[in-house]
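Structure assessment
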Number of protein chains: 2
Amino acid sequence: MPATLKEVAVLAGVSRSAVSRCFTEGASISPATRAKILKAADQLGYRPNALASSLTTGRTKLIGLISDNFHNPIFLEVFDHFTRGLQSRGLRPLLVNLSGETDPANSLRLLQQYSVDAAIVASSTLPVSFAESFAAAGVPVVHSFGRHTARPKVNTVGIDNQEAGRLAAKALLARGYAKIAMLAGPESATSTQDRLYGFLNELKSTSGIEVTTSFASAYSYDAGYAEMSRLIAAGSLAEGYFCGDDVLSIGTLAALQEHGISVPKDVGLIGFNDMAMSRWGNIALTTIRQPIDDVVRLSVEMVEAMLAGPREPKAHLLPCELIERKTLP
Amino acid sequence: MPATLKEVAVLAGVSRSAVSRCFTEGASISPATRAKILKAADQLGYRPNALASSLTTGRTKLIGLISDNFHNPIFLEVFDHFTRGLQSRGLRPLLVNLSGETDPANSLRLLQQYSVDAAIVASSTLPVSFAESFAAAGVPVVHSFGRHTARPKVNTVGIDNQEAGRLAAKALLARGYAKIAMLAGPESATSTQDRLYGFLNELKSTSGIEVTTSFASAYSYDAGYAEMSRLIAAGSLAEGYFCGDDVLSIGTLAALQEHGISVPKDVGLIGFNDMAMSRWGNIALTTIRQPIDDVVRLSVEMVEAMLAGPREPKAHLLPCELIERKTLP
DNA sequence: ACAGACTTTGCAACCGGTTGCAAACCTGCG
DNA sequence: CGCAGGTTTGCAACCGGTTGCAAAGTCTGT
């Protein structure tokens, strides 16, 4: 339907190369012909076909954006940041919803078929190997919210989950709690493992603390509600809880309230993420903020750097921060 | 990097056309050559280049997914449904974040350059003209959550906002309130206008009811909080409120609680959307559910139908439903 | 007016596929 | 064995662009 380069060339009375050059940054073309071409193009409503040109240039400006998290509200913020960041650099996000799939083969094939210039894996739960198989197939990739390693095989922007666990432990210790617990997310998620590790490690250094751990089946309200209900029924609540995620915390909070257990009077609670709604007055969750704007910004910058040329994979590790609200005394 | 059709042809000892046919549904090819080609393709890790083939076939299977709403948690649910629905049909969502832009020109140009097969405008706030300019440019389009018109110029899947307004009014009237108000979203949003219209219309039929209306500056927590705070300060609260959106409701709720005004004892509240978190125990918002799964399903079906061939634009109008929880007595 | 240097232009080949057409290949049948 | 009919195959042109190369054009200085 839209006009092609050839039609513009005919109308402007020049060769196809001239038209092509007219729309290529820094190509050699005289002001006179450029004006002629622009006029003709405008008249026909011509738009260069990005896909056709990608065939010869080898660049599509398409970036695969892969995620397995379409349920946690924090990810709407993540998508907002990513789409804006990519768009402002002239890149186009091709969105892939993993929806439970953990094998990279399908999404890899798909993104290869569309010759994306790079891929972003946005997930705190997928194993390192997921992003690595993109790199192995020659697709430049950055793993956002991925696990930090000293010698990364792929570009990674992660947050310091261990340090976050320590931060949470310190906050609970500071309240003088003797019975402290973590209500973690799915045991298989790398982020869960790291937060738990840091948490336990910090608690080890203080003696006389009783520590327990349990795992929710997902980073979700229902999972948090279910797990806390189970704990209440079992009858052995801790005094202070570190929840592996804000949504999980809110489910936990609901279960506690339902049983007349007051937060923070009877039980203290600390979440993780600082999603927009944790700030809301009726929730007011004390939590650990992860700098998603920085994670996304650095990720997009890494994508840009990779497009500019091959480079050694790097790993960024970003610090988290305790945000005090009303679920800890 | 990935192998090309030509390389497969050489390795298999056949012509390029043969290879092409091997990967084209329903093309004429003998089992023997097909086996040879498959073996060679497999050996080279060949993946047909979707973009190159789009050049001749005129189909990219790319679908522009345009939204201006990356802040309301309900839209994460929307994106989840859309991406799954499109993917399951072999279509690929190219995501466009309008981020405040209301002129379709840029996104239209962008999607034309990537020769998307169709576009989905997912927004309850954009004017009808937005989607129409896509149609005018020859890009098949469906406006999801768009305003219903009897003679639509573009495919539309919308919800019955007027009926929803009436539903809310009836629910408030049923509580015997005499002072009833709507705390609506931005005045410019078509969804706001329609909900308000239905709401006021229903109230007209009962005499002796005092009705007021105010508008929040956005469909957001902060806007709801601010507007309700203003109303409280002004000192003339109604007995029952219909809020134009759930997030707005939660902001409203927070402002009320903060001033020691009890919901639903002192003031009744009814929201709109039934997003996942409205169900959460600590919020328990009485609200009007919009069937986003149906909206999305029908939208994707319409996209599919448009791809199959040109057709008259249709408009679906889907009913909403009152969900009773704890913010109305 | 002309050599030399630099800029602008068009030709033609190419990117990775698809497809109409006609030739080559199979069948089965008389 | 020859032939009609259908099936499989390759040729070559095409989709909408880009780009190396050499020819053509412009400008400068003398």
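Quick look at the structure, then. Everything numeric here is computed off the predicted structure, so don't read it as measured data.

1. Describing unusual backbone geometry
In this model, Val263(A) is joined to Pro264(A) through a cis peptide bond whose omega is 10 degrees. Tracing the sequence through the fold places Pro264(A) in the loop between helix H11 (246–258) and strand E9 (268–273). Unlike most non-glycine residues, Ser115(A) shows phi in positive territory, near 40 degrees. Mapped onto the secondary structure, Ser115(A) falls in the loop between helix H6 (105–113) and strand E3 (118–122). A positive phi angle is found at Asn273(B), which is not glycine, with a value near 130 degrees. With respect to the helices, strands and loops of the structure, Asn273(B) is situated in strand E9 (residues 268–273).

2. Concerning the protein's contact with DNA strand C
DNA strand C sits among 27 residues. The nearest are Thr33(A), Leu55(A), Leu5(B), Ser17(B) and Ser20(B). Elements supplying a minimum of two residues to the surface near DNA strand C: helix H2 (16–22), helix H3 (31–44) and helix H4 (50–57) of chain A together with helix H2 (16–22) and helix H4 (50–57) of chain B. Grouping the amino acids of the surface near DNA strand C by side-chain chemistry returns ten nonpolar, 14 polar and three charged.

3. Overview of the protein's contact with DNA strand D
Close contacts around DNA strand D come from 27 residues, with Leu5(A), Ser17(A), Ser20(A), Thr33(B) and Leu55(B) the closest. Counting residues per element, the ones that place at least two in the surface near DNA strand D are H2 and H4 of chain A together with H2, helix H3 (31–44) and H4 of chain B. For the surface near DNA strand D, the leading source of residues is H4(A), giving five residues. A breakdown of the residues in the surface near DNA strand D according to their chemical character gives ten nonpolar, 14 polar and three charged.

4. Comments concerning the sheet that holds strand E8 (residues 240–243) of chain A
Residue and element names in this part refer to chain A. One open sheet accounts for six strands, arranged E7-E6-E8-E9-E10-E12; its pairing is mixed. The sheet is open, and its two edges are formed by strand E7 (210–215) and strand E12 (321–323), each paired on a single side. Across the sheet, the mean angle from the axis of one strand to that of its neighbour is 20 degrees, orientation sign disregarded. Pairing between strand E10 (residues 287–289) and E12: three bridges, direction antiparallel. In the strand pairing of E12, Thr-287 is matched with Ile-323. The sheet strands contacting helix H9 (residues 190–204) are strand E6 (179–184), E7, E8 and E9, and the helix crosses E6 at an angle near 170 degrees.

5. Regarding the relation of the copies chain B and chain A
Both copies of the chain are related through a single rotation about an axis accompanied by a shift along the same axis. By a simple turn and slide, chain B fits onto chain A: the slide is 0.0 Å along the axis, the RMSD is 0.0 Å, and the turn is 180 degrees. The superposition operator between the copies reduces to a two-fold rotation axis. Among all residues of chain B, the one whose C-alpha sits closest to the rotation axis is Leu94(B), at a distance of 2.4 Å. When the interface residues of chain B are mapped onto chain A, 100% of them again lie at the interface, so the same face is used by both copies.

6. Considering the pairing of strand E4 (residues 141–144) of chain A
Residues and elements named next belong to chain A. Burial along E4 is two-sided: Val-141 and His-143 and Val-142 and Ser-144, pointing in opposite directions, are all buried. With four bridges connecting them, E3 and E4 associate as parallel partners. Bridging across to E4, Val-121 finds its partner in His-143. Two elements, E4 and strand E5 (residues 155–159), share three bridges in a ladder whose sense is parallel. Across the sheet, Val-142 pairs through a bridge with Asn-155, a residue of E5.

The rules behind the values
Residues numbered from 1 in each chain as written. Chains lettered and ligands numbered in written order. Predicted model: local features only at pLDDT ≥ 70, side-chain atom pairs only at ≥ 80, totals over all residues. Helix = DSSP H or I, 4+ residues; strand = E, 2+ residues; numbered from the N terminus. Near = placed C-beta within 6 Å. Nonpolar A, V, L, I, M, F, W, Y, C, P; charged D, E, K, R; others polar. Pairing = 2+ DSSP bridges. Axes fitted to C-alpha atoms, helices over the stretch in contact; angles between N-to-C directions. Contact = placed C-beta atoms within 7 Å. Least-squares fit on C-alpha atoms with pLDDT ≥ 70 in both. Buried ≥ 20, exposed ≤ 12 C-beta atoms within 10 Å, placed from the backbone.

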